[in-house]
Amino acid sequence: MIYTLTLNPSVDYIVKLESFLLGNLNRTLAEAKYPGGKGINVSRVLSGLGVASIALGFNGGFTGKYIEDYLKNEKIETDFIKVKDDSRINIKLKTEQETEINATGPDITEVDFQLLKSKIAQLTKNDLLVLAGSIPSTLPETTYEELVKICKENGVKFVCDAEGDLLKKVLPYHPFLIKPNHHELGDLFQTMISSCEEVIPYGKKLIEMGAKNVIVSLADKGAVLINEYMSLIADVPKGEVKNSVGAGDSMVAGFLAEYLNSSNYKEAFQYSVAAGSATAFSLGLCTQEKIGEIFSQVHIREIL
Ligand SMILES: Nc1ncnc2c1ncn2[C@@H]1O[C@H](COP(=O)(O)OP(=O)(O)O)[C@@H](O)[C@H]1O
Ligand SMILES: O=P(O)(O)OC[C@H]1O[C@](O)(COP(=O)(O)O)[C@@H](O)[C@@H]1O
């Protein structure tokens, strides 16, 4: 079974405005709400692709209930640990640019964290855990490290989509997949990365540091897959970007769904990029149909 872990779920409140004037009254043209948080987005895309998963994490209050009900409605199994305060609301402002305000989220106690650890300790070598997103400020910086240590002890495969030190610290435990974007990759190595070709040496370093598969996305500039067998560069389809929130999460879900189906890295990567772009071209997350429409527009070349 695939488990996704979202330590800090959100209600993503997407508001579209003609323009945004700081210090003025602004009125929206349109708005939408979705359950959010990276692991939750992965579960939702997987579900749309016919792959079951169980969503884990902490949720609370009316927002937590909204998230849980929404997932249940989409037939996604959940096993959240209830916390006292409300799950956060993240604001996504769509003007000519995309501006995000991600909230801090509720306090997580030591008892809640122990409960989570005991849930993770029950996973087996037939399971895969996706750890994705930021860590609430009340949890220790070592949270992901502690959780993947448990995975390693029990032979559980895991995927990690996180930033900076959180990501670096899980590499020695050999994640099956990591997916930084080019800014996050640049931050890891204190450099600026602006093309797919520039990604390759750093991607290879991440493989040396322990990752099994590295996907680096560069928004409209393409994406790169590196593992011990190959280095692939994909270009992305052209289209009207409606909302790129969750595009990265869709790549993770797309890769997992297709890899589980075909065990073919190249096809899984092509599917992953198509899923990312299908989400960017949609108001919410991608659908299987939308991915199918643009799949053949994703061109992959191998770098020898
Ligand atoms: N402007 C765009 N045009 C086409 N596809 C896009 C665009 N922006 C994002 N995507 C798709 O979404 C994927 C992830 O986008 P990116 O912004 O790099 O990741 P993240 O959401 O993790 O920051 C890209 O690899 C691509 O497939
Ligand atoms: O946990 P973080 O880093 O605050 O991110 C949470 C946000 O990330 C998202 O999961 C979107 O992630 P991506 O755009 O990177 O795919 C939103 O749904 C959510 O609001």
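Residues numbered from 1 in each chain as written. Chains lettered and ligands numbered in written order. Predicted model: local features only at pLDDT ≥ 70, side-chain atom pairs only at ≥ 80, totals over all residues.

### Considering the overall build of the protein
Counting its secondary structure elements, the protein contains 10 helices and 14 strands. In terms of C-alpha radius of gyration, the protein reaches 18 Å, essentially the compact-globule figure of 19 Å for 304 residues. The principal-axis extents of the C-alpha atoms in the protein amount to approximately 50 × 50 × 40 Å. Taking all 304 residues of the protein together, the buried fraction comes to 46%. Across the protein, the fraction of contacts at a sequence separation of at least 24, relative to all contacts at a separation of at least 6, is 66%. (Helix = DSSP H or I, 4+ residues; strand = E, 2+ residues; numbered from the N terminus. Rg over C-alpha atoms; globule rule 2.2 N^0.38 Å. Buried ≥ 20, exposed ≤ 12 C-beta atoms within 10 Å, placed from the backbone. Contact = placed C-beta atoms within 7 Å.)

### Quick word on the site of ligand 2
Of all residues adjacent to ligand 2, which total 16 residues, the nearest are G36, N90, G133, S134 and G248. Those elements giving two or more residues to the shell around ligand 2 turn out to be β2 (10–16), α1 (38–48) and α8 (247–262). Broken down by element, the shell around ligand 2 gets its largest block of residues, three residues, from α8. Here the residues of the shell around ligand 2 sort into two nonpolar, 11 polar and three charged. (Near = placed C-beta within 6 Å. Nonpolar A, V, L, I, M, F, W, Y, C, P; charged D, E, K, R; others polar.)

### Digging into the site of ligand 1
Around ligand 1, a shell composed of 16 residues is seen, among which S217, D220, A247, G248 and G276 lie nearest. Of all the secondary-structure elements, those providing two or more residues to the shell around ligand 1 are α8 and α9 (265–280). Looking at the shell around ligand 1 element by element, the count peaks at four residues for α9.

### Brief notes about α8
For α8, spanning 16 residues, the distance from its first C-alpha to its last is 22 Å, which sits close to the expected 22 Å at 1.5 Å a residue. Taking burial as the measure, the 16 residues of α8 include 12 buried ones, the bulk of the element. (Expected span 1.5 Å × (residues − 1).)

### Observations concerning the packing of α1 against α8
In the contact formed by α1 and α8, the axes pass within 8 Å of each other and the chain directions differ by 45 degrees. Relative to α8, α1 is oriented oblique. Between α1 and α8 the crossing geometry is right-handed. On α8, the residues that touch K38, N41, V42, V45 and L46 of α1 are D249, S250, V252, A253, G254, L256 and A257. Class assignment of the residues belonging to the contact of α1 with α8 gives a composition of seven nonpolar, three polar and two charged. (Axes fitted to C-alpha atoms, helices over the stretch in contact; angles between N-to-C directions. Parallel < 35°, antiparallel > 145°, perpendicular 65-115°, else oblique. Left-handed = near helix turned anticlockwise from the far one by under 90°.)

### Regarding the UniProt feature "domain: Carbohydrate kinase PfkB" (unreviewed entry) in the protein
Here, the residues flagged by UniProt with the feature "domain: Carbohydrate kinase PfkB" (unreviewed entry) are residues 10–287. Between the end C-alpha atoms of residues 10–287 the distance is 21 Å, and the span holds 38% helix and 23% strand. (UniProt positions renumbered as here; feature names shortened; annotations may be inferred.)

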